[in-house]
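# Notes for the structure review
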Amino acid sequence: MTQPINKLKTSPLSRRLSIAKTSLNIGKNWAKSSVGGLFMTQEQKDAAKHTLLQEQADYLVSELGKLKGSVVKIGQMLALYGEHFLPKEVINALHTLDANTAPLSWHIIYDALKHELGERVHDFEIERTPIGTASLAQVHRAVHKYSGRTVVFKVQYPNVADAIDSDLAMFKQLLKITNAVPQTKALDDWFLEIKELLHTEVDYRTEADTTKRFASRLASDTRYIVPTIYDNYSTDRLICMSFEAGVPLNDPSLATLSQERRNALGQAAIEIVIKELFEWGEMQTDPNFGNYLVRTDDDGMDRLVLLDFGAVRRFDEHLLSIAKRLLSAGYHQDKALMKSAMTGYEFFDRLTGKPKDDMAAVFLLACEPFAHHSLIEQRYLDDAGRYLWADSQLYHRVMACARDGMTSLEFSLPPKEMMFISRKFIGAYALLVALDARTDSDALIKPYIQ
């Protein structure tokens, strides 16, 4: 178990010094390896380089995890979007940021709770061990002494909201020093988007309101559960909500459910994504497994518990119309239609020739689960025409297609809005694979396309 952190570095100076120290140590190790490699064969040098890179990537991630806050959040997002421009050792390490997030010691959390609630903190028996930790907050279960109701507190780490701007500047500087990605206007726009998103995410009043909005939308659909917000114990930096029991979507116990039950859960999971994009115009863009639970109630029905509405992104009609055109082309698996749909953003509009063909091929493949049954290879469908997520190897095929196509392009970041939507779909695909679900995505998407 990861040891709790007894002190959180929250001042811009202390966080800058920590990053500077990390960068310096990485630089020293690279310098040592260069000297030591003078007497190695090329094969030995390559092996040593990969070993050192993995060690340094693991070290970097370990240090980022101690800082918490937006530095960790940025690292997590790079893990999702860095497939084409970061070494696989760095990607592998960044993917562990969620798992390696150490909790803060109880005395720090209790001080934060008392700061937000005052004497009302004594209304609860609060468990000292968190049931969840993340980059910006920690979750503790509690029992309300007077009602006996079990709740959870999502407690924001002290002062992390004030460190967002300096964290972003530090991380961008770190990327510049390491030459990890080209310093382009697209990257500047992406960092600006992350900045706006993070400032929204640390505003817990907004998150509480968003949670209520999603709960209202899904109130009549018994397949979903959204926690109840208790406003009288919630503040700008603290959310008090109902405790909702369940197991994560990647829990091994779900493999024992019947195929039909797993299909129903998968259909519910992907249906939310489509509704967010085409009906509600806003999307929860952080689809990690910890934000979903499965609960089987006394009536025998499996329900999807939806958690954490901090990273919700609202999209304008321009983007939604482009997304609909892309999915429509994907439904028909029509390359000419897909290339025609790829307009409206500079990233798309400047593509011509082979690069545009390559990008269209990637989009067509990514839309395969939503294509008409007759246009999907039979080996990816069951006898009822449902898509076989676990057997499709879709993610790996899309990544391979993208890698092949990107050789004809200088790397540049796609439109930032598209990146958030892509992130959600990648996460949703992973959930469906973990469930080994089979879905009728054709019927799901048909009402929204031309």
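Residues numbered from 1 in each chain as written. Predicted model: local features only at pLDDT ≥ 70, side-chain atom pairs only at ≥ 80, totals over all residues. Heavy atoms only, no water.

Here Ile108 lies in helix H5 (residues 106-117). For Ile108, a relative accessible area of 12% puts it in the buried group. (Helix = DSSP H or I, 4+ residues; strand = E, 2+ residues; numbered from the N terminus. Buried < 20%, exposed > 50% of the residue type's maximum accessible area, 1.4 Å probe, protein only.)

What follows deals with helix H13 (residues 353-366). With 14 residues, H13 extends 20 Å from end C-alpha to end C-alpha; this agrees with the ideal 20 Å at 1.5 Å per step. Taken together, the buried positions of H13 are Pro355, Lys356, Asp358, Met359, Ala360, Val362, Leu364 and Leu365. (Expected span 1.5 Å × (residues − 1).)

The next point concerns the nonpolar core. Nonpolar side chains tend toward joint burial in soluble globular proteins. Membership of the largest hydrophobic core comes to 69 residues, with the highest contact counts inside it found for Leu277, Leu304 and Leu306. A total of 10 residues in this core trace back to one element, the largest contributor, which is helix H9 (residues 259-280). Each residue touching Leu304, except ones within four places of it in the same chain, is listed here: Arg223, Tyr224, Ile225, Leu249, Leu265, Ala268, Ala269, Leu293 and Val294. Among the nonpolar cores identified, the runner-up in size contains 20 residues, and Val121, Ala142, Phe153 and Leu238 belong to it. (Core = buried A, V, L, I, M, F, W, Y, C linked by side-chain atoms within 4.5 Å. Contact = heavy atoms within 4.5 Å.)

All chains considered together, the criterion is met by 26 salt bridges. With a closest N to O distance of 2.7 Å, Asp302 and Arg261 form a salt bridge. You can see Asp302 sitting in strand E10 (residues 302-306) and its partner Arg261 sitting in helix H9, a full 41 residues away along the chain. Asp302 sits in the buried class, given a relative accessible area of 12%. Given the relative accessible area of 32%, Arg261 is considered partly exposed. Look at the salt bridges and you will find they share partners, linking Glu244, Arg295, Asp297, Asp299 and Arg303 into a network. (Salt bridge = Lys/Arg side-chain N within 4 Å of Asp/Glu carboxyl O.)

For the rest of this paragraph, the subject is the packing of aromatic side chains. Scanning the model with the defined rule gives 11 aromatic pairs in all. Ring centres 4.9 Å apart and planes at 40 degrees place the aromatic pair Phe214 and Phe309 in the tilted group. With Phe214 in helix H8 (residues 204-217) and Phe309 in the loop between E10 and strand E11 (312-314), this residue pair connects regions lying 95 residues apart in the sequence. Across the pair, Phe309 and Phe214 agree in class, each one buried. On the basis of an interplanar angle of 80 degrees and a centroid distance of 6.2 Å, the ring pair of Phe425 and Tyr429 is categorised as edge-to-face. Here Phe425 pairs with Tyr429, and both are found in helix H16 (residues 416-435), just four residues apart, close to one helical turn. On the basis of relative accessible area, Phe425 is assigned to the buried category, the value being 11%. Through a chain of ring-to-ring contacts, the aromatic side chains of Phe370, Tyr387, Trp389, Phe425 and Tyr429 assemble into a single cluster. (Phe/Tyr/Trp six-rings, centres within 6.5 Å; stacked < 30°, edge-to-face > 60°.)

Looking at Asp302, its side chain comes within polar contact range of the side chain of Arg261, at 2.7 Å. Side-chain polar atoms of Asp302 contact the side chain of Thr296, separated by 2.6 Å. In this structure, Asp302 is in contact with Arg223, Leu257, Arg261, Leu265, Val294, Arg295 and Thr296, ignoring residues within four places of it in sequence. (Polar contact = N/O pair within 3.5 Å; in protein donor to acceptor, adjacent residues only side chain to side chain.)

The four strands are arranged E5-E10-E9-E7 in an open sheet whose pairing can be described as mixed. Taken across any chain shown, the strands that pair with only one partner, and hence form the sheet edges, are strand E5 (224-225) and strand E7 (247-248). Here two bridges tie E7 to strand E9 (residues 292-296), and the two strands are oriented antiparallel to one another. Pairing of Pro248 across the sheet is with Leu293, part of E9. Where H9 meets the sheet, its contacts fall on E5, E9 and E10, and the angle it forms with E10 comes to roughly 30 degrees. (Pairing = 2+ DSSP bridges. Axes fitted to C-alpha atoms, helices over the stretch in contact; angles between N-to-C directions.)

Turning to the environment of Phe315, a few remarks are in order. Mapped onto the fold, Phe315 is located in the loop between E11 and helix H10 (317-332). Along the backbone, Phe315 and Gly281 are 34 residues apart, and their C-alpha atoms lie at a distance of 5.5 Å. Those residues within four positions of Phe315 in sequence are excluded, and the remaining contacts are Leu277, Gly281, Met283, Leu320, Glu417 and Ile421.

A word on unusual backbone geometry. At Asp308, a position not held by glycine, the phi torsion is positive, near 65 degrees. Inspection of the secondary structure puts Asp308 in the loop between E10 and E11. Classification of Asp308 by relative accessible area gives partly exposed; the value is 23%.

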